[in-house]
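Structure at a glance
The residues making up each chain are set out below.
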Amino acid sequence: MSSGLSQNVVVLHDGDRFKVYTDFTRELVGEAARADEAIQGAVDALAGLGGVATLGRGIFPLTQPVRLADNVHLRGSSRGTRLRVTPENREGVGLICSTVQGARISDLSITGGNAEASVAGIVVEDAMNCQVRDVFAAGFGQYGIWVRNNSFLCEVSGSTLAGNRRANLYMVDMDMGRYGDFVPNLVSNCIIYGGGKGIECSKTIVLNIVGCAVYQTGDVAYHLHSRSNSVAVTGCRSFQIIGPAVLVEDTHELNLTGNIFCWHTDHGVIIRDCFWGTISGNNVIDSGSYNTGAKNFTEKMADAGADAPNMNGIRLEGARGFNVTGNTIFNWSVCPPMRDGIHEDADSFNNTITGNNVNYYEEEAVHAEGKDTEVRNNVGYGDRAYDGMSTEFMQTFRPDLTARFIEEQMA
């Protein structure tokens with residue numbers, strides 16, 4: 001940058017070339033035939049002190065990953081900036097924040113073309129205080145965003161993740177790091193739909209998941225496992241899920257508060273081999289819904305799912321030291337009744353199940369087999385749903401329409 005000014009840079013698609021300019025004097029400082037080379041050059045030009053590399057409108061094929069540098073903000077021009085991981089990209093990854101601090105990715109679209117070899121749109125690895133914001137990541141064979149290997153004080157927020165096959169957001173091995181152990185991370189205000197799981201956490205300790213919505217995933221909406229301890233899920237929603245809304249396994253210190261989990265084909269919330277947790281103030285709705293993929297309210301309840309088992313709203317398996325309090329657990333009459341509103345097995349103990357309101361079930365509002373569990377002040381009415389709707393036709397949802405919508409956005 002010969003002008004002497006400390007400037008940021010802009011990367012523009014110009015015909016068959018990708019050109020890098022300074023953002024104020026518009027001095028040409030680099031160009032390449034490949035988008036990833038031009039973007040990497042822009043990032044490298046800002047390394048050290050840091051700065052902003054802005055990508056203009058257009059399609060930017062990534063034949064190899066672009067690696068962020070310390071304190072560099074890579075931002076696009078909203079979804080007008082379309083990064084595409086190509087089959088030539090051997091790592092199958094678009095953008096990588098590895099062992100960097102203060103990096104940020106925002107305001108762009110990154111897609112994998114639904115190719116099995118496309119691994120992830122964005123990888124955040126062993127990174128410090130990095131942010132992914134307002135990104136659309138779709139169509140990857142594994143993950144839209146993959147946060148891993150002791151990244152800490154990092155944030156994924158305001159992003160839309162769609163149609164990523166294994167999990168839309170995957171966080172793994174986040175417990176110890178260079179600047180201390182069990183340092184927090186944050187996921188907030190994300191919209192997730194289609195694909196495999198919504199948000200999956202494995203060995204991810206001290207995480208807040210706030211204000212996220214998961215829609216029509218083909219597997220569990222929120223899956224915490226393998227000692228993903230001290231995770232709070234608050235103010236979130238799931239809707240029309242194939243599988244359970246929430247599955248928590250071998251994970252302790254859980255807080256599940258103030259969420260709406262609605263319309264899922266399995267149990268609503270499953271807690272398995274966990275201790276110390278609070279499940280409070282949630283709505284758990286339409287657990288065990290049948291779904292044939294037909295148009296809504298066109299199939300009769302009597303003709304579909306007759307052999308399918310009835311599910312529970314909240315299910316405790318080997319749970320110890322849980323407070324299940326103040327939840328409203330119910331099914332509408334356009335889906336089958338639950339078996340039990342809350343079911344606790346004999347391997348559980350020392351839980352409190354209090355002040356819950358349960359409607360439309362076949363057996364019990366609360367079925368508790370655990371040792372020294374306290375059950376009191378729960379209200380249940382199982383005979384019929386309060387809504388008063390006809391029970392002739394059942395509600396169904398259309399994952400094929402969501403898949404088509406995702407394809408159209410990636411086009």
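Our structure's up above, just so we're on the same page.
Structural notes, computed from the coordinates. (Residues numbered from 1 in each chain as written. Predicted model: local features only at pLDDT ≥ 70, side-chain atom pairs only at ≥ 80, totals over all residues. Heavy atoms only, no water.)

Let us now look at the pairing of strand S10 (residues 104-111). Burial of S10 is extensive: six of the eight residues sit out of reach of the surface. Looking at chain direction, strand S7 (residues 72-75) and S10 are connected through three bridges and run parallel. Bridge pairing links Arg75 to Ser106 in S10. The pairing of S10 with strand S12 (residues 131-138) spans seven bridges and is classified as parallel. In the sheet register, Ser109 faces S12, and the bridge partner there is Phe136. (Buried < 20%, exposed > 50% of the residue type's maximum accessible area, 1.4 Å probe, protein only. Helix = DSSP H or I, 4+ residues; strand = E, 2+ residues; numbered from the N terminus. Pairing = 2+ DSSP bridges.)

Let us look at the nonpolar core. One finds Leu95, Val187, Ile209, Tyr222 and Ile271 to be the most contacted residues of the largest nonpolar core, which totals 85 residues. The biggest single contributor to this core is helix H1 (residues 35-46), with six residues. With residues near it in sequence (within four places) discarded, Ile271 still touches Val248, Leu254, Ile279, Arg315, Leu316, Glu317, Ala319 and Phe322. Counting ten residues, the second-largest nonpolar core is a separate cluster that includes Val93, Ile96, Ala167 and Val172. (Core = buried A, V, L, I, M, F, W, Y, C linked by side-chain atoms within 4.5 Å. Contact = heavy atoms within 4.5 Å.)

We describe a pair of aromatic rings using the distance from one ring centre to the other and the angle between the two ring planes. All told, the structure shown has twelve aromatic pairs when counted by the stated rule. Ring plane angle 40° and centroid distance 5.6 Å describe the contact between Phe18 and Phe60, whose orientation is recorded as tilted. You can see Phe18 sitting in strand S2 (residues 17-22) and its partner Phe60 sitting in strand S5 (residues 58-62), a full 42 residues away along the chain. Relative to Tyr386, the ring of Tyr381 has its centre 5.8 Å away and its plane inclined at 15°; by these criteria the two rings are stacked. Of the residues examined, Tyr381 reaches a relative accessible area of 26% and is grouped as partly exposed. The exposed category is assigned to Tyr386, whose relative accessible area is 54%. (Phe/Tyr/Trp six-rings, centres within 6.5 Å; stacked < 30°, edge-to-face > 60°.)

On to the side chain of His267. Position of His267 relative to the elements: it lies in the loop between strand S29 (260-264) and strand S30 (269-280). Reaching out from His267, the side chain makes a polar contact with the backbone nitrogen of Asn312 at a distance of 2.9 Å. Aside from chain neighbours lying at most four places away, what touches His267 is Gly243, Pro244, Ala245, Ser287, Met311, Asn312, Gly313 and Arg315. (Polar contact = N/O pair within 3.5 Å; in protein donor to acceptor, adjacent residues only side chain to side chain.)

Next up on the list: helix H2 (residues 399-410). The terminal C-alpha atoms of H2 lie 17 Å apart, and with twelve residues this matches the ideal 16 Å at 1.5 Å per residue to within 8%. Looking only at H2, the buried set comprises Thr402, Ile406 and Met410. Buried residues of H2 fall within an arc of 75° about the axis and therefore sit on the same side. Turned more than 90 degrees off the buried face of H2, the exposed positions are Arg404 and Glu408. In the core, the buried residues of H2 are packed alongside strand S8 (81-85), S10, S12, strand S15 (160-162), strand S20 (191-193) and strand S23 (213-215). (Expected span 1.5 Å × (residues − 1). Arc of directions from axis to C-beta.)

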